[in-house]
Structures are given as C-alpha cells and as structure tokens.
Amino acid sequence: MSAVSDLQTDAQPPAGNPATAAAGTSTGTGGPRWLPQSTLLRHLTVVLLCAVGAVVLLEVTDPFRNSQLATLSYYAIAAGGLTVLTGLNGQISLGHGALMAVGAYTTALFLGADEPLPLPVIFVAAIVVTTAVGALVGAAASRLHGPYLAGATLALAVGLPGLALRFQETLGGEQGLRVRAPRAPDWFGDAISALSGNPATTTKWLAYVGTMALIVTYFLLANLVRSRIGRTWRAVRDQDVAAELAGIRLGSWRVLAFVVSAACAGLAGGVLAIVVRLAAPSGFTLVLSLSLLTAIVLGGLGSLFGALIGSALLVFLPQVTTDLGSAAGLDNTEAAQLAPFVYGVVLVVAMMFAPAGLVGSIRLRWLAQRAKRTAARESGR
Amino acid sequence: MQQFVNTTLSGLAQGMVFAAFALALVLIWRSTRIVNFAQGSMAAATTFIALALIQAGWNYWLAFVVALASGFLLGAVLERVIVRRVEGGPELNAVIVTLGLFVAIQAAVAIIFGSSFQSFPSPFGLRGFTVGGTTIALTPTLVYVIVAVVVTMLLLVALFRFTRVGLAMRAAAFGQEVARLLGVRVGRMLTLGWGLAAVVGSLAGILIAGGEFVYPAFMDSLIVFGFVAAVLGGLDSPVGAVVGGLVLGLALSYVSGYVPGGSALVNMAALVILVVVLLVRPGGLFASTAARRA
Amino acid sequence: MADRTTDGSTAVRGPAAAGRSGTGSGDAGTPALEVRGLTTSYGPVRALDGVSLTAGTGRITAVLGANGAGKTALLRTISGLVRCSDGQVLLHGEDITRGPVEGMVTRGMAHVPEGRGVIAELTVEENLRVGSLFRGRTPRSEFDRVYELFPRLTERRDQPAHVLSGGERQMLVIGRALLARPKLLLLDEPSLGLAPRIVAQIFGLLRQLVDAEGLSVLLVEQNARSALSVADVGVVLNLGRVVATDDARTLMADEDLRHAYLGF
C-alpha cells in the first residue's frame, strides 16, 4: 500500500499553492538532447538562438510590428520580474506598475539632461533607483502575505502617481515628462543596411534596444531561477516552516526576491519611457499592474516562458478585442475597454479552472501522464 | 480655528464613508477570509446604475433603493457563482480572483456607461450651514452622509445581534464546520453575507459620489482607503472598521489641509499609515485577535 | 472472546446480543445507526477500509483505537463532512450516505466534532442558540435545562466562549448538541486533554442521559479504559478496519486485545 501511495504523491503537483504549482516543476533538468548539459552553456545557446531569431523577426516585419515588439519587450521584462516574485517566491505585487513608473521617470529625467549620458548608463541608473525603492517596499512586504500584501502594494500603485502631481516642477504633474528618444547610433545604421537594407529608423533602434534588454534580462533570470537562490525561493514559498528550521532567513530571501523583481520593473520602465516617449501618471494606472498579473497568471506563475507568452497576449490581444468591439458597434473608447475586461475575466477563469495557467496546465498534464506511465511500468514489473 | 473645524468636519464625513466601505470588506473577510478587492468596482457599478436611473428622470430615493438592491444581487451572484469555487483554497488564488473581478467589472462599467466624467446629484444642499455669521464646512449633504452611515450601522448591529439570521451568519463566519453540523446552511449564509457587504459598499459609493463627478475608476482610491481603515481596525472587527475609518478620514483630511501640496499626497499618506500599522501592529490598532483566534 | 479478523471482513455480532443487561431500553427494532462497508480515502491514504458497525438504540457504543486508526474519519464520514467512496450509512434504517451535512441534525443526529467545536467568538448563550437554530423557536425551558445540567455554564452565560476552560467547552458543546434534541449523538474524543475527574463527570452524565431518555451515543475515544467503563458495546478499529466488536465488559477482560490495540 505504501508503494502505491508514494507513486501517487509523485504524480501530484508540489505541495502548497496550486496557483504556484507549475513553478515547482520548472526545474526539471535535461531538456532536448542536442543542448549542452551545463545549465549556463545551455542558457547561452538558447540566448544566442533567441538573439538571432529576434534580429530576423525585426528585419522581416514592418515598423508597426517593430514597435509592437518593443512594447512586448517592456511588458515581458516586467512580467519576468513579477513571475520570479509571485511564482517562485509566492508573494503577490500590485505595485509593479508603480515601480515601472519609478524606472520610467528616472529615465526621462536623465534623458532630459542637456548632455544625456549613454543609454546603458541611464538604464543602469533607472534600475538602481527602482531597486532602492523596491528594497524599501520589499522590506515592508517581507512580513506580509496574501491579501495584506496585495492591499499594501495596491496602495502603492494608487499612491505613488500622486508624487508626480505633488512635485509638478520636476515631474511634470498630470501631463508627465516628454522623453527625448535617443537616436540610433551610426554603427547601428551601418549594420542594419549591411544586414537587410532596411532603413535604420529610431523605431527600429528602440525595438532592438528593448528586445536585447529582454533577452539579457531573461538570461539572467533563467540562471537565477535554476541556481541555489531560485531553489531557496521555492523552499520559502512552499515550505516556509521547514526552510526556517533549516536556517534560511525567510525575511531576507523575500526582500531579495522583491529587489530582483523591482530591478526588472525598473528596466521595463526605462524601456517603456523611450518606446512610449512619455512618462506620465496616466501610463501607470492600476490596470497596468493588473495586466502584468494577468500575463504571469496566463503564463502559469513561475515560468519565464509563460510570462513571455502572457506578455505577448497583452500586446496583441487589445488590438483584436478593440477590432471586435468596433465591429460590434462600440465606439473607440468603449472598445478600448474590452481589453481590460478580458484581462479580468481571464484572471477569474484561470483561477477557477486552470490555476496553473496555460503553460503550467500543459506541463502538469505532461507530468501526470509521465507519472502514470512510470506507475504502470512499476506495477507491471 | 475655523480651518481646523472645517478640516475636522470634512474628515469626519469622509471617515464615515471609509468606515462603511471598510465594514463591507470586514463582513466578507470574517466570513470567507477573502479581501474583496472588487468591492470598489462593484460599488461603482451600482452607483452608475443609480445615475442612469436618475438621468432617466427617476426620483433620487427610488434610484438609491434600486441601486442598493442591485448591489445585493451582484454580491450574492458573484459569491455563489465565482467566489465559492476559491473559498477555502490558497489565499493567492482568491486574491487574484477578486482582482480579476475588480478589472472586469470596472471595464464593463466603462463599456456600458461610458468612461467620461459625469456629475452625480446630491439630494441635499452643498452649501455650508452658517453659524454666527461664518459659514462652516458642515453641509446638509455631509449631515446626510453621516446619518446614512450611522443608520446603516445600527441596522447591521441589530441584524447580527438580535435576529436568528444574524446569529446564523455569525456562526457560519466563525465556525463553518461546526455551523454546518448544527444545521446552519453555511453556503446560503455566505451568499447572504456577500450580498449585504455589497449593499454597504454600494451605499458608500453613492454617498461619496453625491455632489461630485463619477467615472468608472472613481472608487479606486476608496478601495485603498477602505482597506487601510479595515486593517487599522484589525480586519476582523466591525467596530474596528468604523473606528479605523474615522481615524483615517481625519488623518487624511489633516494631511490634505495642512501639508503643503498635501491633496496630491493623500494616497501616499494612506500607504504610509498602512505600512506603519502593518509593521508595528499587524493585528490592528485594537488588537485582541490573538485572544479571539485561540 | 471478541471476534477478531485479520482480513477486515469480520462478521459483526449485533449489539443486541452483547448489550449490557438491565440498562437502557434495549433495541428490538432497527438500530440507531448502521454502517456498512464504509470506505473513505484522504488522498492516497485509506482512512476507512470497509468499516461495518451498528450503534444500538438507547446504548453507548464506543469506537476505540490508536491514533490514526480512523476513528475521527469514521464520524466525519457518517455525518457527511467527508464523502465515502464506498459503503452505506443508515440512520434508523434510512439511508443518509449522500445526504447534506446540514440536514443531519434535522434527522436527529448531532455530531460533536473533535477539539470541542465551540464557536469562540460567540458567547455561551449564543453558542447554545446556534444549536437550536434549525428548530425555529425553542422553549426557554430547554435552555434552562442545559444550564441545570451544567451549572458552570450559567456563570459564563454572556461571556465569549474563548474564555472557557477545556472542561467547560466540552460541557458547552454537549449542551449545545442536546438542544438539537438528537436521537443519536456522535461524540469525538470528549476526554481529550481533560482532567480525569471531569472526564468521569461527563461520562457519568452521558450514561444518565442514555438511561433516562433513550438517547443513543456513538462515542469515539482514544482513552479506551474510561470509554469502556461507560459504554455498552465496544468496537475496536485498527488502520481503518474493524478488528473487534463485543460487549464492553468482554473487551475489557480480553487482555491480549487490550495490549494489542488499546494500550492498557
């Protein structure tokens, strides 16, 4: 009897939150045969392939798609950070929109200088400032859970834009700050014309900046997730008592997760600022934070690939719903509201029927089948 | 001195609305351990129903009653159809569901009623009373707000204290399994609880809308204020929610009245208060939760 | 000598044959409760594995066994808090296996859960009122009777239940169950954590209620010695199966069985 029960437990999702169940399974080692065995090498190979793929994608698509890819990149960077926090560490945050605002305003202020610093330096500055804010929030958040944390970060999301109104001279009030988008450097123009003969527009340059920032971020996050740090986060999420008894200081690890995730939000905000060319309170509403949440829930909480897919839906879905809405006779502003409506419905439906998300549900089904096969083999022996 | 009186008065009236809203959150929290982040959107929805009826020529009071009734229906249906499935499950799932409802309902309101600013009438005047030659900030509308909230609270107290349904609801909230074994239809009580909470939330929405402009997201700050007030009071205690609401209303009113540029900082002030309370007294200002949970 | 089985498919001897002589009203007709082949799983763990037993009318039937034997699972399955995968529960001959939990008390069965299920936030009086809610208006005299049975509760009447001591809580939940006027009382570990003197007091009262009013009791206990001293019939569970059913005194006298399963 005990043998049977052992097998059955194997087939079940990891203990604890079904919502985060998919995350626990994301560490399965191996992967396709043709990839190198070392995690770092494997990730590097994937990064190279992705970079090549991104270049091809950016060169064969029109400027409109280019700018959509730029939009995708900042959503995905922020969602990647959030999925580390929520999926791996089990902490929810509705404040990531506000953290993105910090990154965006920092970028806007630095780019507004008479002689702006180089873009990478500005991004680093945006990350540093946002990380500092994130550390502060994370320190408070590390002692909260579930609804308390959601409420506190909700207050952050609603409250922070108020600062832009209070410090109107520096932060531009309701109108926000216009961002002077950096022009493409000469070497970029040369490289593009050599590569595909396409014109090296600013849009294209920004799309490249966003995509490369995305690839670098995901590379770093993927390595982090598979490292000792990632394992510790999962332990903190699923087995907090056991982890604490094993000498893991829960608080510090939660703060660290928040800091990493805030750094991503800062970079995402920076990319957003140059892509949208505006940093204004209206760009960082609660709906932005909730959209990010939708992205990672769709992707299955804890899977970076899932976060990417979820972000893609955030970019491409509004167009579809708005078209549908207009076709159904709604005016433009009404049709534009269909997208958040769908986000909300998706959040509800996902939690009701597939708490592990799209990617997670597929993965869980696969794991269950594998376990069933193993069980069949064992019993047939 | 006059400014102080005025700031205090408007703080009190605001605090009453926060208290009502916090009360709605507490009613749901103590029966289902769920913070209903959709409360704001639900209230916005019913406020817009009232507005649509008033614009169609209905009497304010009739529209008021219909709005509260539709609030009850909305709350009850959401609990029965959606929330029921995540009750008692992982807390993160419940949080995400109510957040999903929050966005979906808000967007639905925008689609149905439009997202422009519209003015919401108040049944009473907006001019302050005159005392000894000076006009104070106490307007008939403020009096109406205060009276409406106080009456609602008294009705709730009466319901929970003196009626059999109220006792059954409390039993279902505090001891689900025991209550079921004693024949209390717990599911029905939870549905009823969500309906009632939605009524109180809707009331807060209509009251705060009176004499102001409304738009689909007009309750966003109120959900934060209501949550902060509820946490101040310990999230579990109706009395705490009321006191928390009043404290927060006064505090924010003073921030807005005395801090330079303070009106833009009200939301931040609420955040600061929330974080301080959560870190220093997580059980709320009047914590006796440790004893009560035992 | 008790019926003992190794395969769990024991032939259960009716309690009528094993009843304590000279007590209670006996049970000529259908038993108060009959459980047939009940099987319940908690995930992969089988808590009950084909349990069959009867609780005679006007008797105290004690279900004994070590921690994890399935005693609590048995009561929770009977009242429907946990759904069984197989088997039947008959209350006075009526099949209630799939009935709603909320309906059990109207059918005359009151379940007092483990850990003294007082509702800590309600006062003593309110706890009692919850017990009679389903009946509609309940005469005041019935409340007075509970306070008479447990004078300690009278002093605590308007205090929240979380201030009560363990013994007082047990009195409160039993009193509350009695207000439902049950024909069958399911009691889960009433002696847990109580002083022996209070246990004796509570068991004495149970005996009194059974003898005087024809109440039937299914008592789940780890404290086998005390339980057998008050019960008419004993049922011994081990790892979710019935290993013995017999007259309480016979079980008490069976030294091997006591050593093997009851720990005294």
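All of the points below concern the structure found in this document. All values derive from a computational prediction rather than experimental measurement.

1. Concerning the overall build of chain B
- Helix and strand counts for chain B come out as twelve helices and four strands.
- Over its C-alpha trace chain B gives a radius of gyration of 19 Å, about what one expects of a compact globule, namely 19 Å for 294 residues.
- The principal-axis extents of the C-alpha atoms in chain B amount to approximately 65 × 45 × 35 Å.

2. Regarding the nonpolar core
- Ranked by size, the top nonpolar core spans 311 residues in total, and within it Val228 and Ala270 of chain B carry the most contacts.
- Among the elements that make up this core, the one with the highest residue count is helix H14 (residues 250-276) of chain A (17 residues).
- Those residues within four positions of Val228 of chain B in sequence are excluded, and the remaining contacts are Ala155 of chain A together with Leu248, Ala270, Ile273 and Leu274 of chain B.

3. Observations concerning unusual backbone geometry
Residue and element names in this part refer to chain A.
- Its identity as a non-glycine residue notwithstanding, Arg277 has a phi of 65°, on the positive side.
- Its location among the elements puts Arg277 in the loop between H14 and strand E2 (278-279).
- A residue is classified by how many C-beta atoms lie within 10 Å of it, and Arg277, with 16 of them, is partly exposed.

4. Remarks on the interface of chain B and chain C
- Contacts between the two partners involve 19 residues from chain B and, on the opposite side, 21 residues from chain C.
- Where the side of chain B that touches chain C is concerned, the elements lending two or more residues are helix H6 (164-174), helix H7 (176-181) and helix H12 (289-293) of chain B.
- Counting residues per element, the side of chain B that touches chain C draws most heavily on H6 of chain B, which supplies six residues.
- Residue composition of the side of chain B that touches chain C, by class: eleven nonpolar, two polar and six charged.

5. Description of the interface of chain A and chain B
- Contacts between chain A and chain B engage 43 residues on the former and 41 residues on the latter.
- Within the residue set of the side of chain A that touches chain B, elements represented by two or more residues are helix H7 (146-159), helix H8 (161-166), helix H15 (286-299), helix H17 (332-336) and helix H18 (338-353) of chain A.
- Top contributing element to the side of chain A that touches chain B by residue count: H7 of chain A, with eleven residues.
- Residue composition of the side of chain A that touches chain B, grouped by class: 31 nonpolar, nine polar and three charged.

6. Some thoughts on helix H3 (residues 124-132) of chain C
- Burial in H3 of chain C covers these residues: Val124, Asn127, Leu128, Val130, Gly131 and Ser132 of chain C.
- Against H6 and H7 of chain B together with helix H4 (140-149), helix H5 (151-156) and helix H6 (166-179) of chain C lie the buried residues of H3 of chain C.

7. Details of the sheet that holds strand E2 (residues 45-55) of chain C
Residue and element names in this part refer to chain C.
- The antiparallel open sheet is built from four strands, whose spatial order is E2-E1-E4-E5. The open sheet is flanked by E2 and strand E5 (94-95), the only strands paired with a single partner.
- Judged from the five bridges that link them, strand E1 (residues 33-42) and strand E4 (residues 86-91) form a sheet pairing that is antiparallel. Within the sheet, the bridge partner assigned to Thr39 lies in E4 and is Asp86.
- Relative to the sheet, helix H2 (residues 71-78) contacts E1, E2 and E4, its axis offset from that of E2 by approximately 70°.

8. Some details on the pairing of strand E6 (residues 109-112) of chain C
All names here are of chain C.
- The alternating pattern of E6 places Met109 and His111 on one face and Ala110 and Val112 on the opposite face, and all of these are buried.
- Pairing geometry for E6 and strand E7 (residues 184-188), over four bridges, is parallel. Bridge pairing in E7 places Val112 opposite Leu187.

Cut-offs used in this document
Residues numbered from 1 in each chain as written. Chains lettered and ligands numbered in written order. Predicted model: local features only at pLDDT ≥ 70, side-chain atom pairs only at ≥ 80, totals over all residues. Helix = DSSP H or I, 4+ residues; strand = E, 2+ residues; numbered from the N terminus. Rg over C-alpha atoms; globule rule 2.2 N^0.38 Å. Core = buried A, V, L, I, M, F, W, Y, C linked by C-beta atoms within 7 Å. Buried ≥ 20, exposed ≤ 12 C-beta atoms within 10 Å, placed from the backbone. Contact = placed C-beta atoms within 7 Å. Nonpolar A, V, L, I, M, F, W, Y, C, P; charged D, E, K, R; others polar. Pairing = 2+ DSSP bridges. Axes fitted to C-alpha atoms, helices over the stretch in contact; angles between N-to-C directions.

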